[in-house]
Amino acid sequence: MNVQGDMTEADRALKARHRATWAMGDYPAVATELIPELGAILVEVCGVGRGDRVLDVAAGSGNAAIPAALAGASVVAGDLTPELLEAGRALAARRGAQVDWRQDDAEALPYADGEFDTVMSCLGVMFAPHHRAAAGELVRVCRPGGTIGLLNWTPEGFVGQMFATMKPYAPPRPPGAQPPPLWGDEDHVRALLGDAVTDVVVRRQTVTVDRFAHPGAFLDYFKANYGPTVAVYRGMAGDPDRAAALDDALTELARRHQRGEGGTTMEWEYLLLTARKRA
């Protein structure tokens, strides 16, 4: 049996499922309506400026790539999902940002060693299934002394807990695939980057989301727009009882996290990490 060939075929199938998942719903709406400031926060802490060569890994529709371009950088935005890249192109055009949009794979980036001054990812590389491979690529394409910047949901925060809530209702992960919220665990990311980096700065922060008037509004929005949630529900299309159970679990999760007057505000925690590639 050709084990390597079988693994390659399995990996291709896994990546195809990932592309299909993120093409479901409307992730560009999620990024622009719920968390528009996160990309700019990452760009600022990375110190991106005029003339910098920047790669936004798993860029989606450009939540970080577009602010980097508006800061004067030369930006490549890569993603597995063509539909997200098309949305990013349209959004960049409306905002007057020049971005080079490319379909690529965070685990096998088609760029030269040390090609970029800053390599960053805002809620993107965390969804690459093989964490060590993706981390190795982040480091490889960054120049010695350059900046690596990551912004990812924490396992303990609202979105991390949402993935934990959906897990029993989703198909099991393929062998070797790791859960996305691990990228929001400081120890995990430090271990992935290892001694290839120095000057690591880590902070936990939250983004305020006040769009949802009640927990049911959150549920309806995510079932319509957030690809991973849409995919889980489609997988249960023939089992209304399981779908109803997940409805209840997600609604209760949102209820527990809503704060403020009228219970309409949520704080979603993320891990913000920057590092220098060792010279």
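Residues numbered from 1 in each chain as written. Predicted model: local features only at pLDDT ≥ 70, side-chain atom pairs only at ≥ 80, totals over all residues. Heavy atoms only, no water.

For the structure shown, the criterion picks out 17 aromatic pairs. Judged by centre distance (5.2 Å) and plane angle (75 degrees), the rings of phenylalanine 158 and phenylalanine 218 are edge-to-face. With phenylalanine 158 in helix α7 (residues 158–166) and phenylalanine 218 in helix α9 (residues 215–225), this pair connects stretches of sequence that are 60 residues apart. Using a relative accessible area of 1% as the deciding quantity, one classes phenylalanine 158 as buried. Where phenylalanine 163 meets tyrosine 226, the ring centres are 6.2 Å apart and the plane angle is 70 degrees; that geometry is what we call edge-to-face. A residue pair is termed long-range when its members are at least 10 positions apart, and phenylalanine 163 in helix α7 and tyrosine 226 in the loop between α9 and α10 (227–235) qualify at 63 residues. Residue classification places tyrosine 226 among the buried positions, given a relative accessible area of 5%. Chaining the aromatic ring pairs together yields one cluster made of Trp22, Tyr27, Phe127, Trp153, Phe158, Phe163, Phe212, Phe218, Tyr221, Phe222, Tyr226 and Trp268. (Phe/Tyr/Trp six-rings, centres within 6.5 Å; stacked < 30°, edge-to-face > 60°. Helix = DSSP H or I, 4+ residues; strand = E, 2+ residues; numbered from the N terminus. Buried < 20%, exposed > 50% of the residue type's maximum accessible area, 1.4 Å probe, protein only.)

Applying the stated rule across the entire model yields two cavities of 30 Å³ or more. Its volume calculated, the largest cavity comes out at about 340 Å³. Along the walls of the largest cavity sit 30 residues, with Ala58, Gly60, Asp79, Gly124 and Phe127 positioned nearest its centre. The set of elements that each furnish at least two residues to the lining of the largest cavity consists of α1 (3–23), α2 (27–33) and β2 (74–79). Among the elements that make up the lining of the largest cavity, the one with the highest residue count is α1 (four residues). Across the lining of the largest cavity, the residue classes tally to 16 nonpolar, eight polar and six charged. One number sums up the size of the second largest cavity: a volume of about 80 Å³. (1 Å grid on protein atoms, 1.4 Å probe; cavity = no way out; pocket = protein on both sides within 12 Å on 5 of 7 lines; lining within 4 Å. Points joined across faces, edges and corners; volume = space filled by probe spheres on them. Nonpolar A, V, L, I, M, F, W, Y, C, P; charged D, E, K, R; others polar.)

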